[in-house]
Amino acid sequence: MRFEIMRLDDVNGTAVDSTVVDAASVNRIVQQAASTGQRIYIRPADTAVR
């Protein structure tokens, strides 16, 4: 499963940038964000086939 992780602005909470990662990478990214106080939003990546 893949997830979209968005880095949020500290002032107004809007998404600054985003990346799509596999499930194995989510924990590492969450740990990095927690250690630096970075705000992130995680959601399942869109897997719709077009």
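You'll find the structure just up there.
Residues numbered from 1 in each chain as written. Predicted model: local features only at pLDDT ≥ 70, side-chain atom pairs only at ≥ 80, totals over all residues. Heavy atoms only, no water.

Visitor: For this particular structure, what's the right way to read the sheet that holds strand β2 (residues 15-22)?
Guide: Where strands meet in a sheet, backbone hydrogen bonds hold them as pairs that are either parallel or antiparallel. Reading across the sheet, the three strands line up as β2-β1-β3 and stay open at both edges, with antiparallel pairing between neighbours. Among the strands making up the open sheet, the edge pair consists of β2 and β3 (40-44). In this sheet, neighbouring strand axes are inclined to one another by 20 degrees on average, regardless of whether the strands run parallel or antiparallel. Where strand β1 (residues 2-8) lies against β3, five bridges are found, and the strand directions are antiparallel. By the bridge assignment for β3, E4 is matched with R43. Sheet strands touched by helix α1 (residues 23-36): β1, β2 and β3. Its angle to β2, the strand with the most contacts, is close to 140 degrees. (Pairing = 2+ DSSP bridges. Helix = DSSP H or I, 4+ residues; strand = E, 2+ residues; numbered from the N terminus. Axes fitted to C-alpha atoms, helices over the stretch in contact; angles between N-to-C directions. Contact = heavy atoms within 4.5 Å.)

Visitor: Explain the nonpolar core to me, please; I cannot follow it from the model alone.
Guide: Core analysis: the biggest nonpolar cluster contains five residues, these being F3, I5, V21, V26 and I29. Listed by contribution, the elements that provide at least two residues to this core are β1 and α1. Beyond its immediate sequence surroundings of up to four residues, V26 is in contact with F3, I5, V21 and I42. (Core = buried A, V, L, I, M, F, W, Y, C linked by side-chain atoms within 4.5 Å. Buried < 20%, exposed > 50% of the residue type's maximum accessible area, 1.4 Å probe, protein only.)

Visitor: Sorry if this is basic, but what is going on with the pattern of salt bridges here?
Guide: Where charged atoms of side chains with opposite charge meet at close range, the side chains can pair. Evaluated as defined, the whole model comprises two salt bridges. With a closest N to O distance of 2.8 Å, E4 and R43 form a salt bridge. Of this pair, E4 sits in strand β1 while R43 sits in strand β3, and the two are 39 residues apart along the sequence. Overall, E4 belongs to the buried group, its relative accessible area being 16%. (Salt bridge = Lys/Arg side-chain N within 4 Å of Asp/Glu carboxyl O.)

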